[in-house]
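# Survey of secondary and tertiary structure
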There are 2 protein chains.
Amino acid sequence: MARSSSGESLLSRVVRIYEAFGPDHRAVTLSELAERSDLPLATASRLVNELIDYGWLRRDAQRRVCVGVRMWELASRAAPTLGLRDVAYPIMADLHAVVGHSVQLGVLQDREVLYIERLSAPRAVRNRVRVAGRLPLHATSSGLVLLAHGPRELQESVLASPLRALTPHTITSPDLLRATLGEIRRTGLAYCPGFVDECATGIAVPVRAGGGRIVAALSVVVPNDASARTAVPALHAAGRGISRMFGTAAPARMVV
Amino acid sequence: MARSSSGESLLSRVVRIYEAFGPDHRAVTLSELAERSDLPLATASRLVNELIDYGWLRRDAQRRVCVGVRMWELASRAAPTLGLRDVAYPIMADLHAVVGHSVQLGVLQDREVLYIERLSAPRAVRNRVRVAGRLPLHATSSGLVLLAHGPRELQESVLASPLRALTPHTITSPDLLRATLGEIRRTGLAYCPGFVDECATGIAVPVRAGGGRIVAALSVVVPNDASARTAVPALHAAGRGISRMFGTAAPARMVV
């Protein structure tokens, strides 16, 4: 593998360039990019120019650097998330029509929830979830479902780590978190009023593949008021519907 | 830039590895991958192993190589298509609910339509469109809209190239194609019964950004029968709705 004088591979530098982009950094100047990816400006410039030649990066009208359409296309047409998304989408659309707020599908990635699909509408309640965005396991309804059914070592590791509060309602006590995970396993539901935003309630259920293994969490984000519980039956039904389609229709195309 | 003995850069080899994947090749063996990307097996193996370390590729249970979740995440969270998709999605969802068949959004990429979003349902009529998939400009309703409003040089180049028939109804005559492009510019509509599949009619309208520039085509795929024309008014209204949101709400986040 080609390495710089620091012994670092060329590919690791390319990976760092892409890690410098994000939902709030979709377009960055070359010097910001060099700084955010911790690369010398000349190195960043050379790599960026070659990636632009391949359509993997592009420059916008202000000459800022952006992710290229070609890279999105290559990642998306064979996306590891596509099978799960295709199976889940029609049922998510029905749930979204009924609930009227955001509906999302999340998977466990590293120690966070990675959201692979989100349906929303302009009047939906405030929601920090973005497609391809991540949120902490202990603070979100999807994350709690994935953690409750995740590997025991992951649970112990999260329980032993600082539990950051996003609002005064986020679970920050390891004892309460342990009890909550047990309750989620018993009830099949994570109900999280005000954990991420005080105005919103996140509610999540597991999505199971053939054999009962949990591969994703389906969640809704609705206003944090007395009516929030009314979304629960439709969410349960949708989670069961997606799980049933996995068990029968498409086990081989499943993510993870 | 690091180059192999053939003078080819490392990045160009990485790009070729990703080009070996596709909707019908989501998981490939290492030797298939080496063959499809025209790389020596040892080179492919070394690159694949490093890309797996970064989560940019992964191995499935059969040890076949797949695109990694991390690469999808990096490409998607800053996706150049995200602004257009976010603006268009609620209106596409309404159109999908009314029409009951597939609804898609395509942009001009190279000499093809690249579909950046597709809403469908299990009972929708047969449709070859996939998210991040491509189809030829002359054969699809979206492609004809994008070509009709595209650069003059592109039109002349497509008119001078062989026009491949996907069905007996695909336009294959340059004279008919030229007349059809003119009609699309006059009427604001491409109506394509049986062009891609004999059983389906594709219908497309332009999506305009501020200033009237056409940035995408919105299309439906409905059964090829006497009722197909009933989808036209809803499609026209949806195309105007998305264009209006672009003109006012989000010009800076637009794709292209």
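Being a predicted model, the structure only gives us computed values, none of them experimental. (Residues numbered from 1 in each chain as written. Chains lettered and ligands numbered in written order. Predicted model: local features only at pLDDT ≥ 70, side-chain atom pairs only at ≥ 80, totals over all residues. Heavy atoms only, no water.)

### As for empty space enclosed by the protein
Counted according to the given criterion, the structure contains three cavities of 30 Å³ or more. In this structure, the largest cavity spans a volume of roughly 220 Å³. If you go around the largest cavity, you meet 18 residues; those closest to its centre are W72(A), R85(A), W72(B), R85(B) and V131(B). The class makeup of the residues in the lining of the largest cavity is 10 nonpolar, four polar and four charged. (1 Å grid on protein atoms, 1.4 Å probe; cavity = no way out; pocket = protein on both sides within 12 Å on 5 of 7 lines; lining within 4 Å. Points joined across faces, edges and corners; volume = space filled by probe spheres on them. Nonpolar A, V, L, I, M, F, W, Y, C, P; charged D, E, K, R; others polar.)

### A few points about the sheet that holds strand β8 (residues 200–208) of chain B
Sheet strands pair via backbone hydrogen bonds, and the direction of the pair is either parallel or antiparallel. Strand order in the open sheet formed by six strands is β6-β5-β4-β9-β8-β7 (chain B), with antiparallel pairing between adjacent strands. With partners counted over all chains shown, the strands left at the sheet margins are β6 (134–136) and β7 (190–193) of chain B, one partner each. Sheet twist, expressed as the average angle between the axes of neighbouring strands with direction ignored, equals 30°. In the packing of helix α4 (residues 69–77) of chain A onto the sheet, contacts are made with β4 (102–109), β5 (112–119) and β6 of chain B, and the angle to β5(B) comes to roughly 55°. (Pairing = 2+ DSSP bridges. Helix = DSSP H or I, 4+ residues; strand = E, 2+ residues; numbered from the N terminus. Axes fitted to C-alpha atoms, helices over the stretch in contact; angles between N-to-C directions. Contact = heavy atoms within 4.5 Å.)

### A word on the interface of chain B and chain A
Between chain B and chain A, the residue contacts involve 56 residues of the former and 56 residues of the latter. In total, chain B and chain A occlude about 5,300 Å² of area from one another, counting both sides; carbon and sulfur atoms represent 65% of this. Of all residues in chain B, R26(B), W72(B) and R77(B) bury the most surface against chain A, accounting for 14% of the area lost on that side. In this structure, the connection of chain B to chain A is made through four salt bridges. Residue E19(B) pairs with R70(A) through a salt bridge whose shortest N-O separation is 3.2 Å. Our count for the chain B to chain A interface comes out at 10 residue pairs in polar contact (both at pLDDT 80 or more). Secondary structure elements with two or more residues in the side of chain B that touches chain A: α1 (10–19), α3 (41–53), α4 (69–77), α5 (82–99) and β5 of chain B. The dominant element in the side of chain B that touches chain A, judged by the number of residues it contributes, is α4(B), at nine residues. (Buried area = accessible area lost by both parts, 1.4 Å probe. Salt bridge = Lys/Arg side-chain N within 4 Å of Asp/Glu carboxyl O. Polar contact = N/O pair within 3.5 Å; in protein donor to acceptor, adjacent residues only side chain to side chain.)

### Section: the pattern of salt bridges
As enumerated under the stated definition, the model contains 14 salt bridges over all chains in all. Here D60(A) and R64(A) are joined by a salt bridge, their closest N and O atoms 2.8 Å apart. Look at R64(A) and you get partly exposed, because its relative accessible area is 30%. Each of the salt bridges in this network shares a partner with another, and the network as a whole consists of E19(A), D110(A), E112(A), R134(A), R70(B) and E73(B). (Buried < 20%, exposed > 50% of the residue type's maximum accessible area, 1.4 Å probe, protein only.)

### Let's talk about the relation of the copies chain B and chain A
For the match of chain B to chain A, the screw axis carries a shift of 0.0 Å, the RMSD comes to 0.0 Å, and the turn is 180°. Taken together, the rotation angle and the small translation identify this as a two-fold axis. Mapped onto chain A, 100% of the interface residues of chain B are again interface residues, and the two copies thus contact each other with one and the same surface. (Least-squares fit on C-alpha atoms with pLDDT ≥ 70 in both.)

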